[in-house]
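Structure at a glance
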Amino acid sequence: MFSNKTMAMVMKYISLFSFMFWLIFGNYMTGAQALGYLGAFGLGNEKAVPGAPSDQKTADMVQGFFQPVNVIVFMVGNCQAGQDYINYKCGEHVQRAGLKDLSWKDMHKWSMINLSYQAGVIFGLFVGFYPYCIVFEEYGFPEWTCAQHPIFTAPFIMLFLLPIMKHIGWTMKFIPAVCGDAAKIRTFSKNTHNWDVPQVGSPAETFRD
């Protein structure tokens, strides 16, 4: 059975791996495609994408569609990498001191904000950029229902992010605290340790030393 510090160490390094993977591979692939390149480590179009069109003209048309999408993915991915780093710092604090500095309540709140943000952005992007005018052409959906650029999906994304907007102030205080030293996160969480004392069936039991 793993102790809480062992679990924190495992999760810390998973988050660090995710962070580094995006910085190296994610930035290269989405950045290259956002600039109009294939981003396939030098592989040709046919090798990089199974079933891709062999003629360059059609390949350029396909790439033209995905280029603006990758602008959004590049920005969202780097934001996610930042969230992975914060997860890494959470694991670092718990591995070092258990719940003596970073409280379970603050850690759980950050996790829910993190999850809600990802779900809102991904779902909003799919809803906003779905080609309704093509898929539902037989029902007479007009041309404007096919967004010409993924940036037009921003209102849909913001709509799904509304539930976490009220936590922006808390998040802006939490990030510098958790990325700082032990004293900073200890001061930040000093009034929220009431959830650390485990009760029967409490999730906090998992994080005890």
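As a reminder, the structure under discussion sits directly above these lines.
This next bit is on the nonpolar core. Ranked by internal contacts, the top residues of the largest apolar core, which has 15 residues, are Cys-90, Leu-102, Met-107, Trp-110, Phe-174, Val-178 and Ile-185. When contributions to this core are tallied by element, the ones reaching two or more residues are helix 3 (56–97), helix 4 (104–129) and helix 7 (168–178). Discounting residues that sit within four places of it in the chain, Cys-90 has contacts with Leu-102, Trp-110, Phe-174 and Val-178. Formed by seven residues, the second largest nonpolar core is a distinct cluster that contains Ile-72, Val-121, Leu-125 and Ile-164.

Turning next to helix 1 (residues 4–34). Across its 31 residues, helix 1 extends 41 Å between first and last C-alpha, which sits within 8% of the 45 Å expected from 1.5 Å per residue. Its maximal kink placed at Gly-26, helix 1 deviates by approximately 40°. Positive phi shows up at Gly-36, right after helix 1, with a value of about 100°.

This part covers the side chain of Lys-12. In this structure, Lys-12 sits in helix 1. One buried charged residue, Lys-12, forms no salt bridge at all, with the nearest opposite charge on Glu-92 at 5.0 Å. Within the structure, the side chain of Lys-12 is placed 2.7 Å from the side chain of Gln-95, a separation counted as a polar contact. Aside from chain neighbours lying at most four places away, what touches Lys-12 is Tyr-88, Gly-91, Glu-92 and Gln-95.

Quick look at the packing of aromatic side chains now. Per the counting criterion, the structure on display carries twelve aromatic pairs. Arranged with centres 5.9 Å apart and planes meeting at 25°, the rings of Trp-110 and Phe-174 form a pair that is stacked. With Trp-110 in helix 4 and Phe-174 in helix 7, this residue pair connects regions lying 64 residues apart in the sequence. Phe-174 shares its class with Trp-110; the two are buried. Note on Phe-136 and Phe-141: the rings are 5.1 Å apart at their centroids and 35° apart in plane angle, and the pair reads as tilted. Phe-136 gets classed as partly exposed once you look at its relative accessible area, which sits at 26%. An aromatic cluster of at least three residues, connected via ring pairs, comprises Trp-110, Trp-170, Phe-174 and Phe-188.

A complete count under the given rule lists one disulfide for this structure. Two residues, Cys-133 and Cys-146, share a disulfide whose sulfurs are 1.9 Å apart. One quick way to see it: the torsion about the S-S bond of Cys-133 and Cys-146 is about -110°, and its sign makes the bridge left-handed. Of the two residues, Cys-133 is situated in helix 5 (residues 132–135) and Cys-146 in the loop between helix 5 and helix 6 (154–165); the sequence distance between them amounts to 13 residues. Judged by relative accessible area, which is 9%, Cys-133 ranks as buried. Look at Cys-146 and you get buried, because its relative accessible area is 9%. In this structure Cys-179 is a free cysteine whose sulfur lies 8.3 Å from that of Cys-90, the closest cysteine sulfur available. Its relative accessible area of 31% is what places Cys-179 among the partly exposed residues.

Here helix 4 crosses helix 7 at 120°, and the two axes come no closer than 11 Å. Between helix 4 and helix 7, the interaxial angle falls into the category oblique. Two packed elements cross with a definite hand, and for helix 4 against helix 7 that hand is left-handed. Facing helix 4, whose interface residues are Asp-106, Lys-109, Trp-110 and Ile-113, helix 7 presents Trp-170, Thr-171 and Phe-174. Class assignment for the residues of the contact of helix 4 with helix 7 results in four nonpolar, one polar and two charged.

So, how was this worked out
- Residues numbered from 1 in each chain as written.
- Predicted model: local features only at pLDDT ≥ 70, side-chain atom pairs only at ≥ 80, totals over all residues.
- Heavy atoms only, no water.
- Core = buried A, V, L, I, M, F, W, Y, C linked by side-chain atoms within 4.5 Å.
- Buried < 20%, exposed > 50% of the residue type's maximum accessible area, 1.4 Å probe, protein only.
- Helix = DSSP H or I, 4+ residues; strand = E, 2+ residues; numbered from the N terminus.
- Contact = heavy atoms within 4.5 Å.
- Expected span 1.5 Å × (residues − 1).
- Bend = angle between axes of the 7 residues up to and from the residue.
- Lys, Arg positive; Asp, Glu negative; His and termini not counted.
- Salt bridge = Lys/Arg side-chain N within 4 Å of Asp/Glu carboxyl O.
- Polar contact = N/O pair within 3.5 Å; in protein donor to acceptor, adjacent residues only side chain to side chain.
- Phe/Tyr/Trp six-rings, centres within 6.5 Å; stacked < 30°, edge-to-face > 60°.
- Disulfide = S-S within 2.5 Å.
- Axes fitted to C-alpha atoms, helices over the stretch in contact; angles between N-to-C directions.
- Parallel < 35°, antiparallel > 145°, perpendicular 65-115°, else oblique.
- Left-handed = near helix turned anticlockwise from the far one by under 90°.
- Nonpolar A, V, L, I, M, F, W, Y, C, P; charged D, E, K, R; others polar.

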